[in-house]
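Coordinate inspection notes
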Amino acid sequence: QQQVKQSPQSLIVQKGGISIINCAYENTAFDYFPWYQQFPGKGPALLIAIRPDVSEKKEGRFTISFNKSAKQFSLHIMDSQPGDSATYFCAARGAGGTSYGKLTFGQGTILTVHP
Amino acid sequence: SAVISQKPSRDICQRGTSLTIQCQVDSQVTMMFWYRQQPGQSLTLIATANQGSEATYESGFVIDKFPISRPNLTFSTLTVSNMSPEDSSIYLCSARGGGGLEQFFGPGTRLTVL
């Protein structure tokens, strides 16, 4: 069974600090790794994504680092702001078989940024 | 990006009844999906809604409980049948455009079954 493990479960960061959320997957049958941001009462919003042939992708204050050999990827939020307080989900898209095209989600990380 | 709307946004239903959730996308999309999210939990894929054919269900989800329709490339419905309190959850519609990797989500339908 394909799994994506996410940590930490919750994270508290001071304003201006760096938030780091980690994810690990257990097999290589994934071809796309998005991160979603979800505010209470809202649906998940696509934040940033990376493909496995790239080691890093940056969009504004958000950076994904991808380590293919370790089967790990992480989200870094630079200069974290109170408005970044939300739940973050990593995901991985199946590349073949019965999981082709389907997203497998991590357990989620509740980020709180204190002013 | 695709903008997805869902109706209703929330509902409170009685045990044994059924509720149909509608999902509308503002552009034609290749793939549409239905997810369930328990409060404070991650997302679980219920099924892939296939246009012109029967939906493809994930393990643990069956058509009799969660019938799905997708009459065209912009619209889908999910019915939660014969509801029990265990069906109380947030139901999310999701879509992905043709050839694209990006997958977008609707705002969700918060269902409470009494």
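A look at the side chain of Gln6 of chain B
All names here are of chain B. On the secondary structure map, Gln6 appears in strand β1 (residues 4-7). By relative accessible area, Gln6 is classed as buried at 8%. In contact with Gln6, not counting residues within four places along its chain, are Ile21, Gln22, Trp34, Tyr91, Leu92, Cys93, Gly106, Pro107, Gly108 and Thr109.

Observations concerning the environment of Gly41 of chain A
Note that Gly41 of chain A resides in the loop between β4 (30-38) and β5 (45-50). In sequence terms Gly41 of chain A and Cys23 of chain A are 18 residues apart; their C-alpha atoms lie 24 Å from each other. Not counting the four nearest positions on each side in its chain, Gly41 of chain A is found in contact with Pro107 and Arg110 of chain B.

A look at the interface of chain B and chain A
In this assembly, 19 residues from chain B lie in contact with 17 residues from chain A. Carbon and sulfur atoms make up 57% of the area that chain B and chain A hide from each other, which totals about 1400 Å². Three residues stand out in chain B for area buried against chain A, namely Ser42, Leu101 and Phe105 of chain B, and they jointly supply 35% of the buried area on that side. Summed over the shared surface of chain B and chain A, the result is one salt bridge.

Observations concerning the pattern of salt bridges
Applying the stated criterion across every chain yields a total of six salt bridges over all chains. With its nearest N and O atoms 2.6 Å apart, the salt bridge here joins Lys102 of chain A to Glu58 of chain B. Placement of the pair is Lys102 of chain A in the loop between β9 (86-94) and β10 (103-105) and Glu58 of chain B in the loop between β6 (56-57) and β7 (68-69), with the two residues belonging to separate chains. Among the residues examined, Glu58 of chain B registers a relative accessible area of 21% and is labelled partly exposed. Lys65 of chain B is the salt-bridge partner of Asp87 of chain B, the closest N and O atoms lying 2.6 Å from each other. In this pair, Asp87 of chain B is assigned in the loop between β8 (75-80) and β9 (89-96) and Lys65 of chain B in the loop between β6 and β7, connecting sequence segments 22 residues apart.

Some details on the packing of aromatic side chains
Taken as a whole, this structure holds 18 aromatic pairs over all chains when the rule is applied. Note on Phe30 of chain A and Phe33 of chain A: the rings are 6.2 Å apart at their centroids and 75 degrees apart in plane angle, and the pair reads as edge-to-face. On the numbers, 6.4 Å between centres and 45 degrees between planes, the contact of Phe66 of chain B with Tyr91 of chain B is tilted. With a gap of 25 residues between them, Phe66 of chain B in the loop between β6 and β7 and Tyr91 of chain B in strand β9 connect regions that are remote in the sequence. Each member of the pair, Phe66 of chain B as well as Tyr91 of chain B, carries the same accessibility label: buried. Each residue in the set Tyr25, Phe30, Phe33, Trp35, Phe66 and Phe73 of chain A is aromatic and connected to the rest through ring pairs, giving one cluster. The positively charged end of Arg93 of chain A is found above the aromatic ring belonging to Tyr100 of chain A, 5.7 Å away from the centroid.

Criteria and thresholds
Residues numbered from 1 in each chain as written. Chains lettered and ligands numbered in written order. Predicted model: local features only at pLDDT ≥ 70, side-chain atom pairs only at ≥ 80, totals over all residues. Heavy atoms only, no water. Helix = DSSP H or I, 4+ residues; strand = E, 2+ residues; numbered from the N terminus. Buried < 20%, exposed > 50% of the residue type's maximum accessible area, 1.4 Å probe, protein only. Contact = heavy atoms within 4.5 Å. Buried area = accessible area lost by both parts, 1.4 Å probe. Salt bridge = Lys/Arg side-chain N within 4 Å of Asp/Glu carboxyl O. Phe/Tyr/Trp six-rings, centres within 6.5 Å; stacked < 30°, edge-to-face > 60°. Lys NZ or Arg CZ within 6 Å of the ring centre and 35° of its normal.

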